Amino acid sequence: MQVRAGKDTSLELLKIEGLTKVIRKKKILDDISLTVNSGEIVGFLGPNGAGKTTTIKMIMGLFSITSGKISVQGHDVTKDFENAMRHTGGIVENPDLYKRLTGRQNLAYFASMYDDETKNQIDEVVELVKMKDRIDDKVKTYSLGMRQRVGIAQALLHRPSLLVLDEPTNGLDPIGIKELRDLLKYLSKNAGVGVFISSHLLSEMELMCDRIYIIDNGVMIGEKTIEQVKESDEEEIYSYNFITSDRDRTYAYFKSLEANCEQINGGVTVVMKRDEIPGLIRTLIGMNIDIFAVNQSHRTLEQDFISMTTGTKTQIR
Ligand SMILES: Nc1ncnc2c1ncn2[C@@H]1O[C@H](COP(=O)(O)OP(=O)(O)O)[C@@H](O)[C@H]1O
Ligand SMILES: [Mg+2]
């Protein structure tokens, strides 16, 4: 697929500067800045309510901007909407398809809103999203993964250089997620499309993205390259649940170390590096506290937030 992108591949496709959104006196987004370059898959990671959809709606011109600036290939989304959207394709929340029409009819309908050239793109995008065999069936017979793929085909019809997807893996099964991942990687590496994709799952972002921005409560709390994410994996910061004979003293001890800890379900949970755990156990035993169990949980997004906001090396000694 030929995108409309200029020849200069170092160009920032998407540039968001100091984006702020206030709705009814509440700050939904506070000073968000980020960039997406050509050929890159950039993740936008954050828990529910963080402000991902709000940001994406603003990129697509569906929401007004309180302050700050969004530009696509140098075109300001507010001042030069048409040119910015010429380079932008996206799906916000769910693909908007007519279920009684076939996939092809849907695409033809959307293509009719653009120029004749766009109509000629239909076969190519259908091929690209691997929907050739089913494109003449009605959308209502499609699986969610197929609808998602036709949605992406629709977003690609006018050959945008930037593809924006809001939590596209929601509701997909593992096979659907893998197909989507392969498709996005193909588009970014072979067609030079820049992809901006939101998710609340770190594990998904790790497999797909070149870089990840993390947002929480409308505030950008960090940016990581995938190499940095993998490094912090090696740092092995996990959450451990301690079940002991004296929860209160166990908790007080962890607190005294200034560790991130919490009392739950009769135990105490602490976020720590793996190699710090034997020392903790020895100290607890020295305090005459019996240990019944120590369980290690999987690294969660929440823990990653904690390690990002407190620095990756949790200081406990
Ligand atoms: N139209 C709206 N009016 C008021 N508040 C809104 C509106 N849209 C979203 N919000 C609020 O903005 C915050 C961010 O929401 P959203 O962008 O949907 O988060 P995410 O997509 O990361 O889950 C939430 O607190 C949500 O309640
Ligand atoms: Mg959302």
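A few points on the structure. (Residues numbered from 1 in each chain as written. Chains lettered and ligands numbered in written order. Predicted model: local features only at pLDDT ≥ 70, side-chain atom pairs only at ≥ 80, totals over all residues. Heavy atoms only, no water.)

Focus on the side chain of Gln73
- Structurally, the position occupied by Gln73 is in the loop between strand 4 (67-72) and strand 5 (75-76).
- Of note is the side chain of Gln73, whose polar atom sits 3.3 Å from the side chain of His87.
- Within polar-contact distance, the side chain of Gln73 engages the side chain of Ser161 at 3.3 Å. (Helix = DSSP H or I, 4+ residues; strand = E, 2+ residues; numbered from the N terminus. Polar contact = N/O pair within 3.5 Å; in protein donor to acceptor, adjacent residues only side chain to side chain.)

Description of the sheet that holds strand 6 (residues 88-91)
- If you walk across this open sheet you meet the 6 strands as 6-7-8-3-9-10, and the pairing is mixed. The outermost strands of the open sheet, each flanked by one partner alone, are strand 6 and strand 10 (219-225). Strand-to-strand twist across the sheet, computed as the mean angle between neighbouring axes with direction ignored, equals 15°.
- In terms of strand pairing, strand 6 meets strand 7 (residues 162-166) through 4 bridges, oriented parallel. Note that in strand 7 the partner of Thr88 across the bridge is Leu162. (Pairing = 2+ DSSP bridges. Axes fitted to C-alpha atoms, helices over the stretch in contact; angles between N-to-C directions.)

Observations concerning helix 10 (residues 247-256)
- Among the residues of helix 10, those classed as buried are Thr250, Tyr253 and Phe254. With its buried residues spanning 95° around the axis, helix 10 presents them on a single face. Structural note: helix 10 exposes Asp248 and Ser256 on the side pointing more than 90 degrees away from its buried face.
- In the stretch just after helix 10, Glu258 is the one whose phi turns positive, near 60°. (Buried < 20%, exposed > 50% of the residue type's maximum accessible area, 1.4 Å probe, protein only. Arc of directions from axis to C-beta.)

As for the packing of aromatic side chains
- Enumeration according to the criterion identifies 5 aromatic pairs in this entry.
- Ring geometry for Tyr98 and Tyr109: centres 5.7 Å apart, planes at 85°, overall edge-to-face. Of this pair, Tyr98 sits in the loop between strand 6 and helix 3 (103-111) while Tyr109 sits in helix 3; the two residues are 11 residues apart in sequence, bridging distant segments of the chain.
- By relative accessible area, which is 40% here, Tyr109 ends up partly exposed.
- Measuring from centroid to centroid gives 5.8 Å for Tyr253 and Phe254, while their planes differ by 45°, and the two rings are tilted. The two residues Tyr253 and Phe254 agree in class, both being buried.
- Taken together through their ring pairs, the aromatic side chains of Tyr98, Tyr109 and Phe110 make up a single cluster.
- Here the basic side chain of Lys21 rests over the ring of Phe63, its NZ or CZ set 4.8 Å away from the ring centre.
- When the ring centre of Phe63 is taken as reference, the NZ or CZ atom of Lys57 above it lies at 5.4 Å. (Phe/Tyr/Trp six-rings, centres within 6.5 Å; stacked < 30°, edge-to-face > 60°. Lys NZ or Arg CZ within 6 Å of the ring centre and 35° of its normal.)

Remember that the coordinates give geometry; whether it matters functionally is a separate question.
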